[in-house]
Amino acid sequence: MNSIPEQIVQAVGIMFLGMGLVFVFLTILILCIKLVAMKFAPLPQEKATRAAENESTQPAGVDPKIIAVITAAIHQYRAKA
Amino acid sequence: MEGLIAFWAASGIANFTGGQVLMMAVGALLLFLAIVKGFEPLLLLPIGFGAILANIPNGGFIDEGGLLFLAYHVGIETGVFPLLIFMGVGALTDFGALIANPKMLLLGAAAQFGIFATLIGAIALNWVPGFEFSMKDAGAIAIIGGADGPTAIFLASKLAPELLGAIAVAAYSYMALVPLIQPPIMRLLTTEAERQIKMEQLREVSKKEKIIFPLMVLGLTILFLPAATPLVGMFCLGNLMRESGVVDRLSNTAQNELINIVTIFLGLAVGSKLSADKFLQLETLGILVLGAIAFAIGTATGVLMAKLMSKMSGGKINPLIGAAGVSAVPMAARVVNKVGLEANQHNYLLMHAMGPNVAGVLGSAVAAGVLIAVLG
């Protein structure tokens, strides 16, 4: 069996190797995640613009004719009651 | 009269040895911790009961053919149980927080320093008379710092089966003690102002990203670290079942029924290793001390790395989340959240801490792979 100092030197070697490998492995993974994100991440602007469109189109989207019809219907209903 | 004597000779009272009584007391202590204190009850309860069963004189549970012998032989010697648990954990894990902020992987990596520092500590302990840890033993003990039960059991079964009982008990006990061990270290290494840092909301993650992630992790493991593929492979299988959305039945089974069944037998089998002749040794004491050191160092390096990243990002990262890098999902993340709330009542760090937390699971699996590749 090796002496204790020799074993400690070996353990220190494994420490540097191990931490190095863990960092390299996870760093590569970070890069890969970023690459995938560039291609497949949901675009934040797209969502924002869609929301903006919805807000602006909805009030304007209701046809003035329909508003008139509904108002007339409400009037009729109230007159009956 | 003869019948009575035979009955007496076969009774428990006549055959007890001191060690068995003591180990039953250890089993009872584990039951107490599980039931009264609520420490990791899912594992400590079966482990504690297994310890009692294993030390029954003439019980035959751990003799060849006995229930606990078979559970250990089939499930742990082969490494099957920890791998099935890992598949369940994969099916339970949502990587969304990590994919949204991949830099958190660095925290999961930094916290693994506890493992490798303890490797040196275990060897250095050989200077104390009575300790004789080989390099393989040291590796198996060091993995306690990964704060990941199945990984610790898997590695111990590969590198140092005779120490498995003590290592598993230490790993699960310290995971239960995360809320006590971590906060003092976290407060010591951070300033009040740092603890109050609020972090930006995470971006949304698409389903495609979540499906690609486990496949990508598996691919990288195949290329660079095949020794870690048993752990990482099962983990990724579980996660893919979850995220693909096409096999909800399998995913539900993996994260509920299967993991529960395996947990029962895993706990019993680990408990069977708590027999008097194996556990009542000086080495066990050394393992318990080294495990605590591993845990503390891992927490500290995680926090220090987060501090560095916080400085470099101009104060956008709360250094507390580094402590979650030691896996122990989700306990470590909850502890981060709690310490963060103490500094600032409106600062919820839970989601931000989940990133480094799940990164820690990957980090400790990779570290285990490195140890197997180098020492195994």
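Note that this is a predicted model, so its numbers are computed, not measured.

Procedures and definitions
Residues numbered from 1 in each chain as written. Chains lettered and ligands numbered in written order. Predicted model: local features only at pLDDT ≥ 70, side-chain atom pairs only at ≥ 80, totals over all residues. Helix = DSSP H or I, 4+ residues; strand = E, 2+ residues; numbered from the N terminus. Buried ≥ 20, exposed ≤ 12 C-beta atoms within 10 Å, placed from the backbone. Contact = placed C-beta atoms within 7 Å. Axes fitted to C-alpha atoms, helices over the stretch in contact; angles between N-to-C directions. Left-handed = near helix turned anticlockwise from the far one by under 90°. Nonpolar A, V, L, I, M, F, W, Y, C, P; charged D, E, K, R; others polar. Parallel < 35°, antiparallel > 145°, perpendicular 65-115°, else oblique. Core = buried A, V, L, I, M, F, W, Y, C linked by C-beta atoms within 7 Å. pLDDT = per-residue confidence, 0-100. Expected span 1.5 Å × (residues − 1).

### Topic: the overall build of chain A
Logical step 1: From N to C terminus, chain A includes three helices and zero strands.
Logical step 2: When its helices and strands are written in sequence order, chain A yields α-α-α.
Logical step 3: A total of 81 residues make up chain A; the buried ones form 14% of that total.

### Some thoughts on the overall build of chain B
Logical step 1: The number of helices and strands found in chain B is 21 helices and zero strands.
Logical step 2: Each principal axis of the C-alpha distribution contributes one length, and for chain B these read about 85 × 50 × 40 Å.
Logical step 3: Within chain B, buried positions represent 58% of all 376 residues.
Logical step 4: Contacts in chain B between residues far apart in sequence, at least 24 positions, make up 75% of those at least 6 positions apart.

### Some details on the packing of helix α9 (residues 113-124) of chain B against helix α19 (residues 282-312) of chain B
Between two packed helices, both the angle of their axes relative to each other and the distance between the axes serve to describe the pair.
Residues and elements named next belong to chain B.
Logical step 1: Put simply, α9 and α19 touch, their axes get as near as 7 Å, and they point 145° apart. Seen from above, α9 lies across α19 with right-handed handedness. Residue-level contacts link F113, G114, I115, A117, T118, G121 and A122 of α9 to L290, I293, A294, F295, I297, G298 and T301 of α19.
Logical step 2: Split by residue class, the contact of α9 with α19 holds nine nonpolar, five polar and no charged.

### Focus on the interface of chain A and chain B
Logical step 1: Facing 28 residues of chain A, the contacting portion of chain B comprises 36 residues.
Logical step 2: In terms of residue count, the dominant contributor to the side of chain A that touches chain B is helix α1 (residues 4-40) of chain A (25 residues).
Logical step 3: Broken down by class, the residue content of the side of chain A that touches chain B amounts to 24 nonpolar, three polar and one charged.

### Section: the packing of helix α11 (residues 149-159) of chain B against helix α12 (residues 164-176) of chain B
All names here are of chain B.
Logical step 1: Look at α11 against α12: their axes get within 9 Å of each other, and the N-to-C directions meet at 165°. Classified by the interaxial angle, the pair formed by α11 and α12 is roughly antiparallel. Taken as a pair, α11 and α12 cross one another with a handedness that is right-handed. Residues G149, A152, I153, A156 and S157 of α11 lie in contact with α12, whose contacting residues are L164, I167, A168, A171, Y172 and M175.
Logical step 2: By residue class, the composition of the contact of α11 with α12 is nine nonpolar, two polar and no charged.

### Quick word on the nonpolar core
Residues and elements named next belong to chain B.
Logical step 1: Counting residues in hydrophobic clusters, the biggest one holds 149 residues, and the most contacted among them are I141, A156, I167 and V336.
Logical step 2: Among the elements that take part in this core, helix α21 (residues 350-375) stands out by supplying 13 residues, more than any other.
Logical step 3: For I167, the residues in contact, after removing those within four places along its chain, are A140, I141, I144, A152, A156 and I287.

### Quick word on unusual backbone geometry
Peptide bonds are, in most cases, trans, and in most cases residues other than glycine have a negative phi.
All names here are of chain B.
Logical step 1: Along the chain, V329 connects to P330 via a cis peptide bond; the corresponding omega equals -10°.
Logical step 2: Among the secondary structure elements, P330 is positioned in the loop between α19 and α20 (331-343).
Logical step 3: In this structure, A147 is a non-glycine residue whose phi angle is positive, near 50°.
Logical step 4: Of note, A147 is situated in the loop between α10 (135-142) and α11.

### A look at the confidence of the model for chain A
Logical step 1: Per-residue pLDDT for chain A has a mean of 82; in total, 75% of the residues score no lower than 70.
Logical step 2: Element-level pLDDT for chain A is lowest in helix α2 (residues 44-61) of chain A, with a mean of 55, against a maximum mean of 94 in α1(A).

### Concerning the environment of B:I52
Residues and elements named next belong to chain B.
Logical step 1: Mapped onto the fold, I52 is located in helix α4 (residues 41-54).
Logical step 2: Distance from I52 to A25, taken between C-alpha atoms, is 8.0 Å for residues 27 residues apart in sequence.
Logical step 3: Residues contacting I52, with those up to four places away along its chain left out, are M24 and G27.

### A look at the confidence of the model for chain B
Logical step 1: This prediction gives chain B a mean pLDDT of 93; 100% of its residues lie at or above 70.
Logical step 2: What the predictor reports for the complex is a pTM of 0.87 with an ipTM of 0.91.

### Considering the environment of B:K316
All names here are of chain B.
Logical step 1: Topologically, K316 is positioned in the loop between α19 and α20.
Logical step 2: Looking at K316, the number of C-beta atoms within 10 Å reads 12, which means it is exposed.
Logical step 3: Residues K316 and E200 lie 116 residues apart in sequence; the distance between their C-alpha atoms is 7.6 Å.
Logical step 4: When neighbours within four sequence positions are excluded, K316 is seen to be in contact with M199 and E200.

### A word on α4(B)
Residue and element names in this part refer to chain B.
Logical step 1: Helix length check: α4 (14 residues) gives 19 Å between terminal C-alpha atoms against 20 Å at 1.5 Å per residue, within 8%.
Logical step 2: Among the 14 residues of α4, 11 are classified as buried, and the element is accordingly described as predominantly covered.
Logical step 3: Residues of α4 that are buried: L43, L44, L45, P46, I47, G48, G50, A51, I52, L53 and A54.
Logical step 4: Next to the buried residues of α4 lie α3 (18-35), α5 (67-76), α11, α12 and α17 (248-272).

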